[in-house]
Amino acid sequence: MTPLDPCPIADRQVCLATRDLARAVLRRLSVTAAGIEPRIKTIVATRADDFMGYDLWRLHGSDGRLLLRFDLLKNPGAEWVKLAADVSLLARLADLRNHPPGYYYVHPLSDPRDVAIPLPSNPRGLAPRAIGPLP
C-alpha cells in the first residue's frame, strides 16, 4: 500500500481485503453491464428508502450521455437483478466518510444519496456534465 493510504495501520488488512472484494465485484459488474448494453460505462445508483441497499437510477455512456433512466417506483426487470445486486454491494462496501472518492471504486455525487460507479472500461469516470442534476 502507498503511504497516502487513508486506512489506519491497524485496519490495513481489512482495507486490502475489502478493496480486493470491491475489485472483484467491479469486474463482475462490468461483465454483467456489458452483456446487457455494451455502451454502459458509468452506473449511477441512489440509496433506497429503507437504507438497506441501492437502486439503479441511470446508466451513462463514456461521453456522459444518458443511456437509460429507471423509474424507481417500478421493478426494472429480471435481467437487471444481478446488476442491481452488484451495484448495491459495491456501494455499501464503500465507506465514503472515511475513504476518499474512488478508493473502493465508488464516487459520491452532489446528492448525498447518489453514487457513481465508473466501469474499468471507462477510466476517466463520469463526464462532468453528467454529474449535475438532470434537465
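Everything below is about the structure shown above.
The structure displayed is predicted, hence computed values, not measured ones.

Looking at unusual backbone geometry
Here Tyr105, not a glycine, exhibits a phi torsion of approximately 70°, which is positive. Using a relative accessible area of 17% as the deciding quantity, one classes Tyr105 as buried.

Structural notes on helix α2 (residues 81-93)
Here α2 spans 18 Å end to end across 13 residues, near enough to the 18 Å set by a 1.5 Å rise per residue. Those residues of α2 not exposed but buried are Leu83, Ala84, Asp86, Val87, Ser88, Leu90, Ala91 and Leu93. On its buried side, α2 packs onto α1 (12-36), β1 (42-47), β2 (54-60) and β5 (114-118).

What about the sheet that holds β2?
An order of β3-β2-β1-β5-β4 is seen for the 5 strands of this open sheet, with the pairing classed as antiparallel. Strands at the two margins of the open sheet, each flanked by one partner only, are β3 (66-69) and β4 (107-108). Summarising the sheet, β4 and β5 pair through 2 bridges and their orientation is antiparallel. Paired with Pro108 across the two strands is Val115, which belongs to β5. Contacts from α2 reach β1, β2 and β5, with the element oriented near 105° to β2.

Considerations on the pairing of β1
Most of β1 sits out of view: 5 of its 6 residues are buried. Here 6 bridges tie β1 to β2, and the two strands are oriented antiparallel to one another. By the bridge assignment, Ile43 is partnered in β2 with Leu59. Here 5 bridges tie β1 to β5, and the two strands are oriented antiparallel to one another. Looking at the pairing, Ala45 lines up with Val115 of β5.

Concerning the side chain of Ser88
Within the element layout of this structure, Ser88 appears in helix α2. Each residue touching Ser88, except ones within four places of it in the same chain, is listed here: Gly53 and Tyr54.

A word on the pattern of salt bridges
All told, the structure shown has 3 salt bridges when counted by the stated rule. Here Asp86 and Arg28 are joined by a salt bridge, their closest N and O atoms 2.5 Å apart. Here Asp86, found in helix α2, pairs with Arg28, found in helix α1; they are 58 residues apart in sequence, far enough to count as distant. Arg113 serves as the salt-bridge partner of Asp111, at 2.6 Å between the closest nitrogen and oxygen. For Arg113, a relative accessible area of 45% translates into the label partly exposed.

Here's the deal with the environment of Ala84
Among the secondary structure elements, Ala84 is positioned in helix α2. On a C-alpha basis, the gap between Ala84 and Asp55 in space is 6.4 Å, while along the polypeptide they are 29 residues apart. Ala84 has contacts with Tyr54 and Leu56, leaving out every residue within four places of it along the chain.

The rules behind these values
Residues numbered from 1 in each chain as written. Predicted model: local features only at pLDDT ≥ 70, side-chain atom pairs only at ≥ 80, totals over all residues. Heavy atoms only, no water. Buried < 20%, exposed > 50% of the residue type's maximum accessible area, 1.4 Å probe, protein only. Helix = DSSP H or I, 4+ residues; strand = E, 2+ residues; numbered from the N terminus. Expected span 1.5 Å × (residues − 1). Contact = heavy atoms within 4.5 Å. Pairing = 2+ DSSP bridges. Axes fitted to C-alpha atoms, helices over the stretch in contact; angles between N-to-C directions. Salt bridge = Lys/Arg side-chain N within 4 Å of Asp/Glu carboxyl O.

By themselves, these observations are geometric and do not establish any function.
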